Amino acid sequence: MTVDTGSATKADVQVRAVDVRKSFGSLEVLKGINLEVDRGEVVCLLGPSGSGKTTFLRLINQMETITAGRIYVDGELIGIEERDGKLYQRTDKDIARQRSSIGMVFQRFNLFPHKTVLENITEAPIVVKKVARPQAEARARELLAQVGLADRESSYPSHLSGGQQQRVAIARALAMEPDLMLFDEPTSALDPELVGEVLTVMKDLAAKGMTMIVVTHEIAFAREVADRVIFMDGGVVVEQGPASQVIDHPREERTKAFLGRVKH
Ligand code: ADP
Ligand code: MG
């Protein structure tokens, strides 16, 4: 790999991507992504379908392996480690540790259908983090209150609306006590009338200081909540800045064209 060997030294940088590349066979999907996300920052990632947004989130969470470049989370190289100037693949245990500090919420809620809401939320803390059941359940109840579902702990996912299921999915991710949350179009599979309740939970999380990278087509949400908006197209960052710049006064033709196509 030819990479910038600089390390993530700035203390408040939580995610640092350095010339990140990803190919699937001969298809190069990410063509050198460089970006930094500060602790407590909310970044909204916009871009047309196929521009590599999901792939980028999946690389941060190590659901895909990087082709070239580096990603640091909390100053630590993701997936690989450097010893005496050489790169080594991290062990599965080390990768699991790195992943456990990152929460991810997908377009589809992916709840376990045969488990109750409470069981969905307590599963990973109990199994992965070895949290005692009473503590895991107490924390799950706090999180259910936070997402407005205190009365639904015994329900099964199929008895909940899509918006409720997505709020459970957020609570489930938060139960692992992540310090970074990745959202991949969390509202795009929802009926329009259910979008607001999920965005409200996300706004609340942002206000609490959570570092968030949010892939979304919700332009109003990005304008209201994002500290920074990043527009991606064709595997590169085309432009980035505050919403007032990127959304309201885009400089690049590709950004203008995209914004012209999405409703806002
Ligand atoms: P976005 O989320 O911006 O819509 P994706 O990251 O999902 O974009 O996809 C970017 C490109 O990578 C698309 O052309 C997609 O078909 C391709 N791609 C994504 N995952 C895979 C995969 N596992 N195998 C092959 N191609 C993939
Ligand atoms: Mg996607």
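Residues numbered from 1 in each chain as written. Chains lettered and ligands numbered in written order. Predicted model: local features only at pLDDT ≥ 70, side-chain atom pairs only at ≥ 80, totals over all residues. Heavy atoms only, no water.

Of regular secondary structure, the protein possesses nine helices and twelve strands. For the protein, the spread of C-alpha atoms along the three principal axes comes to 50 × 50 × 35 Å. A buried classification covers 52% of the 264 residues belonging to the protein. Of the contacts formed within the protein by residues at least 6 apart in sequence, a portion of 65% connects residues at least 24 apart. Total accessible area on the protein stands at roughly 12,300 Å², and carbon and sulfur atoms take up 49% of it. (Helix = DSSP H or I, 4+ residues; strand = E, 2+ residues; numbered from the N terminus. Buried < 20%, exposed > 50% of the residue type's maximum accessible area, 1.4 Å probe, protein only. Contact = heavy atoms within 4.5 Å. Areas by Shrake-Rupley, 256 points an atom, 1.4 Å probe, with all protein chains shown as cover.)

Okay, the site of ligand 1 next. All residues in the neighbourhood of ligand 1 are listed as Phe24, Leu27, Val29, Pro48, Ser49, Gly50, Ser51, Gly52, Lys53, Thr54 and Thr55. For ligand 1, an oxygen atom lies 2.7 Å from a polar atom in the backbone of Gly50. Within the side chain of Lys53, one N or O atom sits 2.7 Å away from an oxygen atom of ligand 1. Surface burial for ligand 1 is 59%, taken as the share of its 560 Å² of free accessible area covered by protein chains. Contributing elements (two or more residues each) for the shell around ligand 1: strand 2 (27-38) and helix 1 (53-60). Considering every element that reaches the shell around ligand 1, the biggest residue donor is helix 1, with three residues. (Near = heavy atom within 4 Å. Polar contact = N/O pair within 3.5 Å; in protein donor to acceptor, adjacent residues only side chain to side chain.)

Read across the sheet, four strands follow the order 2-1-4-5 without closing on themselves; strand pairing throughout is antiparallel. In this open sheet, the two strands that pair with only one neighbour each are strand 2 and strand 5 (76-77). Where strand 1 (residues 13-24) and strand 2 come together, nine bridges link them in antiparallel fashion. By the bridge assignment, Val20 is partnered in strand 2 with Ile33. (Pairing = 2+ DSSP bridges.)

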